[in-house]
Amino acid sequence: MPGTVQIAPSILAADFGHLGAEVQAAEAGGADLIHVDVMDGHFVPNISLGPVVVEGIRPVTKLELDVHLMIESPWEYLEAFAEAGADSITVHVEACPDPADTLGRIHALGKRAGIVMSPPTPVESVEPFLEQVERVLVMSVNPGFGGQSFMPEVLTKTDTLSRWRRERGLTYDIEIDGGIKAANSRQVVERGAETLVAGSAIFGGDDYGERIRAMRAEAEAGLADRSRD
Ligand code: DX5
Ligand code: ZN
């Protein structure tokens, strides 16, 4: 939601041997939503998890399950993720020959729809779909792996998405994913993002609440910078 910071721990960096407890610890630590990275070994060179894992964590948290599909032919799996308990489903514009149709199918399943682009893909690629989505996700690393370094050059995309949202009276959430940590949270929010995905920066520490609070404090400073512009 524009104007409100949200911290979204990515379970890709959690301990999969104790995933339910990890999700509960993130919620207890103040997470606003749980980011779920789905990788198929084709769209990205890594395999992570599928609908059964979403189904497994659904009963342990009240938080939004924010499912990020890094898979080919995502439209073939929307129903499975919706039934498993996803609240929002975000698809890569690069993976969809007809994004409008895929986003329409997500809505038909009663879920929030998001569109995402990888770093090499221009922001104009998602422009035709802005009126149809609740979320635009900007990848700040090449998708496939956690723990990579943030790519600051993608912030020109959050600038543009933020300007388009304001000029056109739209309300989509701007999410950023990859290499986000307390040290860059202020800057990414100042540049237009408000939902901050973080895997290693949260699950890589012992005290998730402390990590989340540190990110939120920086992000809220970024919101204040924005309103001074
Ligand atoms: C990357 C995933 C990210 C990843 C973020 O392909 O989409 O959500 O888990 O991990 P960190 O925060 O460690 O960069
Ligand atoms: Zn992700």
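Residues numbered from 1 in each chain as written. Chains lettered and ligands numbered in written order. Predicted model: local features only at pLDDT ≥ 70, side-chain atom pairs only at ≥ 80, totals over all residues. Heavy atoms only, no water.

Colleague: Please explain the sheet that holds strand S4 (residues 88-92) as it appears in this structure.
Modeller: Within a sheet, adjacent strands bond to each other through the backbone by hydrogen bonds, running parallel or antiparallel. The strand order across the open sheet built from eight strands is S1-S8-S7-S6-S5-S4-S3-S2, with neighbouring strands paired in parallel fashion. At either margin of the open sheet sits one strand with a lone partner, and together these are strand S1 (6-9) and strand S2 (33-39). When strand polarity is set aside, the average angle formed by the axes of neighbouring strands in this sheet is 25 degrees. Sheet topology places S4 next to strand S5 (residues 112-117); five bridges connect them, and they run parallel. Bridging across to S5, His92 finds its partner in Val116. Together, S5, strand S6 (135-139) and strand S7 (173-177) form the strand contacts of helix H5 (residues 155-168), whose direction differs from that of S7 by roughly 170 degrees. Along the sheet face, helix H8 (residues 208-228) touches S1 and strand S8 (195-198) and points at about 145 degrees away from the line of S1. (Pairing = 2+ DSSP bridges. Helix = DSSP H or I, 4+ residues; strand = E, 2+ residues; numbered from the N terminus. Axes fitted to C-alpha atoms, helices over the stretch in contact; angles between N-to-C directions. Contact = heavy atoms within 4.5 Å.)

Colleague: What am I meant to see in the pairing of S1 here?
Modeller: Every regular strand shows the same layout, with side chains that alternate between the two sheet faces. In S1, alternate side chains face the same way, and those of Gln6 and Ala8 on one face and Ile7 and Pro9 on the other are all buried. Sheet analysis places S1 next to S8, joined by four bridges and oriented parallel. For Ile7, the partnering residue across the bridge sits in S8 and is Leu196. (Buried < 20%, exposed > 50% of the residue type's maximum accessible area, 1.4 Å probe, protein only.)

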